[in-house]
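Chain and residue survey
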Amino acid sequence: MTATTRDIGASRLRELEARLWTCNKCGTCTSVCPLYSIGAEESLSARGKLALIGAVMDGELSHTRGYRRRLYGCLLCRACEKGCASGIPTYDIMMAARAELAESAGRPRVQDFVLRGVLAGRHGLRAGAAALRLYQRSGLGSLVQSRWFSRLLPAAARAASLAIPEVSMPARRADIAPGPARAVGTVGYFMGCAIGALFPNIAVATRRVLAANGYMAIASTAECCGGPHQVYGDLPAARALARRSIDRFESLDTVVTDCASCGSTLKEYPALLADDTAYAQRAKVFAAKVRDISEFAVERGFRPPEAGPGPVGGPEGGGLPLRVTYHDPCHLSRGQGVRRQPRAILQAIPGVELVEMDAPDRCCGGAGLFFLTHTGLAESVGRLKALAIAGTHAAVAASGCPACLMQLRAALSRQGQDGVGVVHPVELLAKAYDREAHAPKA
Amino acid sequence: MGGGVASGSIARALRKVVAPARVLDTLEDRIVYAYDGTTQKSLPDVVVRAQTVEEVAAVLRFASRQGVPVVPRGGGTGLSGGAVPVEGGISLVLTAMRSVRDVDKRNMVAVTQPGVITGELQRTVEREGLFYPPDPASLAFCTIGGNLAENAGGPRGIKYGVTKDYVLGLEVVLPSGEIARLGGRQIKNVTGYNLAQLFVGSEGTLGVITEAILRLLPRPRAVKTMSAVFQDLNQAADTVAAIIGSGIVPATLEIMDQKSVGYVEDYLHLGLSREAEAMLLIEVDGTPRAVEEEADAVGRICREKGASFAAAKDPTEAGNLWKARRAVSAAISRVRPSKIGEDICVPRSALPAAVRAIQDIGRRFELPICIFGHAGDGNLHPNILTDRRDPVEMERVEQAIRAIFEAAVGLGGTLSGEHGVGISKKPYLTIDLPAETIELMRTVKKALDPRGIMNPGKIFGGEAS
């Protein structure tokens, strides 16, 4: 059966229906769900949502506002899926259900404005600064509401102002292009929208790390991988962006990204484009080339930075004398199985002491735009993460995902832990390379 | 199933007796409180998430006056339909009452609210060097309240008993809305009837448990986990008898048959043997010296009986064995669209006969049946893998279930060891209980709940048909 663009979600959901019914409501998912643990509310659990989706499929429930609210009351952190002995693909089912809802009941206009107008605009993220101002002024609580700008949540605006770094302009290619002295290879650098618009320093660090290891990075301006569109049920736009990414990068052997969410979305293009005759095969080839920056660095045997002469961390020495803890982004750990590599990067830095926090792969509550659309829940989830970080007495919390970084910053700040630095692992690695460059050679 | 109109008016009235925010009556909320771990479902008219004993009392007073059914609910993980509101009414959710009130080291008791997760209670008391042994497989997500209402067991039953063995006192709200405090922190108490125990295993049909005083033990200093793999299921069953006969009381003595092991292996890839007909998971605990001695003795017995025996070298290996055992129920549910899990319990000496009888029934009705369970207790979970949507096969399943129950009772056993009757076993109650016994239970029920509002449609009513 070939789905038209109007019913891709409905068709996906029908394909997954048999799996949905294998949920025996055992309740295991409730023990790992960060949202359920807050108040033991059944409608926040995976089995509860599966029951609701099943009720819609059986015609017992219609596409109500309450249904929408509950479908979007999910971090998509995949903890339930990994804990499910029945092997139910809850993530895929949630995504398909959101798409089916968008197809039958429409998408909120503000959502289309942000997702299609800004993130997927023809000019890439040229309009990113405008999006930023939108985040900062209004918050995005209205993303999951249906009335145009009628429900601008002050709480979301507060969350946004705490979490989102001040940026005046999205990073441009020229800002971030130090090439290697002697190239051993060329890779595509997929600079996602959040990195490009909000964290240009991370883009600089990534290219610094690639250069220090002899890789020339080819990038266009910030891209949108289509992940947010999938999350909000806009599969036609997600597929268009997937095709665009493939067109732009498929001539290269490797595509590196420093965004956990982009990486997991790019690697899942084959599923997204499975029934696209022109792109299905190309998507598979493309996805096999995608690597998270940490994954790439470890796979290619990155060069550990030198400590330099003198005491480690001394004024003239290299290295970074820091106690660091690492938070696993859902999209890297459960999404891509990348857990070891970011830690390997941190441990390779002279002076860094890596201390594990309690439950490092428990979702921080950032979850894309969840921290703006569901401020209360995200705060509760973030609080536990902030306490886990504080418990390590680390000076710096590292994580390879821009949404996590924003959420960690906000959560730590709410706990009065503003002193704890929040960085991407490549920023530390790049800094260590820089120090090495400045250290006098023996 | 309750209609929409009634649902709205009950909710409106309830919002006057408890904080309005506790009362949920949207269709979405009713759908997510309609099911439990049996996958049976029936919509409540309204959901109340109580936060205090006073709120529970207010709900019951209201329900008594209006004659509205009340179905208490904890984690909703039960395996006999106890939390399914088969006659609609109020789903009274107790998960928000989730604090461990006191861990009293001097008296070795814990005072806990019903919504506390069992595993959380265990961790809390273990931090004080104490031990709450009952360990249903769902301990990471079931609640103490549900454990008490169903008298939950678990692998440690053989040495440590089940939930009822740890209950010293309860606070219960009676159907009338009165609050009764039964028992206390004393180890001995014969002042009057032992009413606290009456509520244990009452499946929510007599009242609502709002607080429990639970007996604790010192945490065992050492534990050893072992596995024994047998080419012949009967050898495994004989080994169980031999271990018990040797005077050792293992902390757990679990059995998994070939099908169960195979499906777990498909799911977890732990390297378990698929060729063997049965695997025993054995644990001994106590002082380090006693544990060493008993583990050696267990190993000797297993090898004599022809087992391939191994003791876990470290907590990771032990953890993997437990992971395998705890995952059985869910792992076998991946195999076919539905599974129907039973819970018979026979005298320990009848275990080999029970295993053989179940295997025969599987062959006779041409149904795949996995057998696993608490061999040391004689408590087996034969699970029939089937498809509820296939009426022809379901007829055979019904017959097979009846045959399993008849075999169990014929061997001096019972229908359910630790899941309860609920709706799942109520059609078969008369196989096990004589009419006079059922009548005695009904008399107790009527005395406590004259209007019949507490969890109607459970335990009783199947015997008439």
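Residues numbered from 1 in each chain as written. Chains lettered and ligands numbered in written order. Predicted model: local features only at pLDDT ≥ 70, side-chain atom pairs only at ≥ 80, totals over all residues. Heavy atoms only, no water.

For the rest of this paragraph, the subject is helix α16 (residues 280-288) of chain A. All names here are of chain A. Regarding α16, the residues found buried are A280, A283, F286 and A287. End-on view of α16: buried residues confined to an arc of 120°, all on one side of the axis. Projecting away from the buried face of α16 at angles above 90 degrees are the exposed residues Q281, K284 and A288. (Buried < 20%, exposed > 50% of the residue type's maximum accessible area, 1.4 Å probe, protein only. Helix = DSSP H or I, 4+ residues; strand = E, 2+ residues; numbered from the N terminus. Arc of directions from axis to C-beta.)

It is worth spelling out the sheet that holds strand β2 (residues 215-218) of chain A at this point. All names here are of chain A. What the four strands build is an open sheet, ordered β2-β1-β3-β4; its pairing is parallel. Edge positions in the sheet fall to β2 and β4 (290-292), since each of these pairs with one other strand and no more. The average undirected angle you get between the axes of adjacent strands in this sheet is 40°. The pairing of strand β1 (residues 185-190) with β2 spans four bridges and is parallel. Across the sheet, T186 pairs through a bridge with M216, a residue of β2. Set on the sheet, helix α14 (residues 260-267) makes contact with β1, β3 (255-257) and β4; between it and β4 the angle comes to about 155°. (Pairing = 2+ DSSP bridges. Axes fitted to C-alpha atoms, helices over the stretch in contact; angles between N-to-C directions. Contact = heavy atoms within 4.5 Å.)

Further remarks concern a nonpolar patch on the surface. Residues and elements named next belong to chain B. Together, Y193, L195 and L198 give the surface a local cluster of nonpolar side chains, amounting to about 340 Å² of exposed area. Relative to the helices and strands, L198 is located in helix α7 (residues 195-199). A residue is classified by how much of its surface remains accessible, and L198, at 31% relative accessible area, is partly exposed. (Patch = residues over 30% accessible without salt bridge, like charges linked within 9 Å, V, L, I, M, F, W, Y side chains within 5 Å. Areas by Shrake-Rupley, 256 points an atom, 1.4 Å probe, with all protein chains shown as cover. Salt bridge = Lys/Arg side-chain N within 4 Å of Asp/Glu carboxyl O.)

Let us look at unusual backbone geometry. One non-glycine residue, A359(A), adopts positive backbone phi at about 45°. Note that A359(A) resides in the loop between β6 (352-354) and α20 (370-373).

Glancing now at the pattern of salt bridges. Residues and elements named next belong to chain B. This model, assessed by the stated rule, comprises 39 salt bridges over all chains. In this structure, D104 and R185 form a salt bridge, with 3.0 Å as the shortest nitrogen-oxygen distance. Here R185 lies in the loop between β9 (179-183) and α7 and D104 lies in strand β5 (residues 100-104), a separation of 81 residues in the sequence. Judged by its relative accessible area of 35%, R185 falls in the partly exposed class. The salt bridge involving D387 is made with R389; its shortest N-O contact spans 3.7 Å. We classify D387 as buried; its relative accessible area is 17%. We classify R389 as exposed; its relative accessible area is 59%. Connected through salt bridges with shared partners, the residues R101, E171, R181 and E211 form a single ionic network.

Time to look at the interface of chain A and chain B. Between chain A and chain B, the residue contacts involve 34 residues of the former and 29 residues of the latter. Between chain A and chain B lies a buried interface of about 2300 Å² when both sides are counted; carbon and sulfur atoms form 53% of it. Ranking the residues of chain A by area buried against chain B places N24(A), E42(A) and A85(A) at the top, with a combined share of 22%. Applying the counting rule to chain A against chain B returns two salt bridges. For R70(A), the salt bridge identified is with D29(B), shortest N-O distance 3.1 Å. Where chain A packs against chain B, one counts 14 residue pairs in polar contact (both at pLDDT 80 or more). Per-element tally for the side of chain A that touches chain B: the top contributor is helix α3 (residues 46-57) of chain A, with five residues. The residue makeup of the side of chain A that touches chain B, split by class, is 13 nonpolar, 15 polar and six charged. (Buried area = accessible area lost by both parts, 1.4 Å probe. Polar contact = N/O pair within 3.5 Å; in protein donor to acceptor, adjacent residues only side chain to side chain. Nonpolar A, V, L, I, M, F, W, Y, C, P; charged D, E, K, R; others polar.)

Turning our eyes to something else, we now look at helix α10 (residues 288-304) of chain B. Each full turn of the α-helix corresponds to 3.6 residues, which orients residues three or four apart in the same direction. Residue and element names in this part refer to chain B. Here α10 contains 17 residues, and its C-alpha end-to-end distance of 24 Å stays within 8% of the 24 Å for a straight helix at 1.5 Å per residue. Buried within α10 are the following residues: V291, A295, A297, V298, G299, I301 and C302. Summarising the contacts, the buried residues of α10 are in contact with β12 (222-230), α8 (233-245), β14 (278-286) and β15 (308-311). A positive backbone phi angle near 90° is found at G306, which sits one or two residues after α10. (Expected span 1.5 Å × (residues − 1).)

Turning next to the nonpolar core. I53(A), Y67(A) and Y269(A) are the most contacted members of the largest nonpolar core, which has 128 residues in total. The element contributing the most residues to this core is helix α6 (residues 90-105) of chain A, with eight residues. When near neighbours in sequence (up to four residues on either side) are disregarded, Y269(A) contacts C225(A), L241(A), A242(A), S245(A), I246(A), A283(A) and F286(A). In terms of nonpolar packing, the next biggest core, distinct from the first, is built from 52 residues, A237(B), V298(B), A350(B) and V355(B) among them. (Core = buried A, V, L, I, M, F, W, Y, C linked by side-chain atoms within 4.5 Å.)

Turning next to the environment of D266(B). Residue and element names in this part refer to chain B. Position of D266 among the secondary structure elements: in helix α9 (residues 258-268). For D266, a relative accessible area of 40% gives the class partly exposed. Distance in space between the C-alpha atoms of D266 and R334 is 9.8 Å, their sequence separation being 68 residues. At 2.8 Å, the side chain of D266 and the side chain of R274 are in polar contact.

Below, the discussion takes up the side chain of R22(B). All names here are of chain B. Along the chain, the position of R22 falls in the loop between α1 (4-17) and β1 (23-24). Engagement of the side chain of R22 in a polar contact is seen with the side chain of Q51, the distance being 3.4 Å. Here E55 takes part through its side chain, which lies 2.9 Å from a polar atom of the side chain of R22. Among all residues touching R22, those that are not within four sequence positions of it are V47, V48, R49, Q51 and E55.

Residue and element names in this part refer to chain B. What the five strands build is an open sheet, ordered β5-β6-β10-β8-β9; its pairing is antiparallel. Single-partner strands in this sheet number two, and they are β5 and β9. Averaged over all pairs of adjacent strands, the angle between strand axes in this sheet comes to 10°, irrespective of strand direction. Across five bridges, the pairing between strand β8 (residues 167-173) and β9 is antiparallel. In the sheet register, G169 faces β9, and the bridge partner there is G183. Together, β8, β9 and β10 (208-215) form the strand contacts of helix α3 (residues 53-66), whose direction differs from that of β8 by roughly 50°.

In this sheet, β6(A) lies alongside strand β5 (residues 322-326) of chain A in parallel orientation, the contact comprising three bridges. In the sheet register, V324(A) faces β6(A), and the bridge partner there is L354(A).

To continue, consider the packing of aromatic side chains. Using the criterion set out here, one finds seven aromatic pairs over all chains in the structure. For the ring pair F131(B) and Y160(B), a centre distance of 5.3 Å and an interplane angle of 85° mean the geometry is edge-to-face. One end of the pair, F131(B), is in strand β7 (residues 130-131); the other, Y160(B), is in helix α6 (residues 157-160), with 29 residues separating them in the sequence. Overall, the relative accessible area of 4% leaves F131(B) in the buried class. With relative accessibility at 13%, the residue Y160(B) sits in the buried group. If you follow R78(A) out to its NZ or CZ, it ends over the ring of Y91(A), 3.7 Å from the centre. R282(A) extends its terminal NZ or CZ atom over the ring of Y279(A), reaching a point 4.3 Å from the ring centre. (Phe/Tyr/Trp six-rings, centres within 6.5 Å; stacked < 30°, edge-to-face > 60°. Lys NZ or Arg CZ within 6 Å of the ring centre and 35° of its normal.)

Turning to the confidence of the model for chain B, a few remarks are in order. Residue and element names in this part refer to chain B. Of all residues in chain B, 98% attain a pLDDT of 70 or more, and the chain-wide mean is 94. Confidence over residues 1-5 falls short of pLDDT 50; this stretch has six contacts with residues more than four positions distant or in other chains. The ipTM for the predicted assembly is 0.93, set against a pTM of 0.89. (pLDDT = per-residue confidence, 0-100.)

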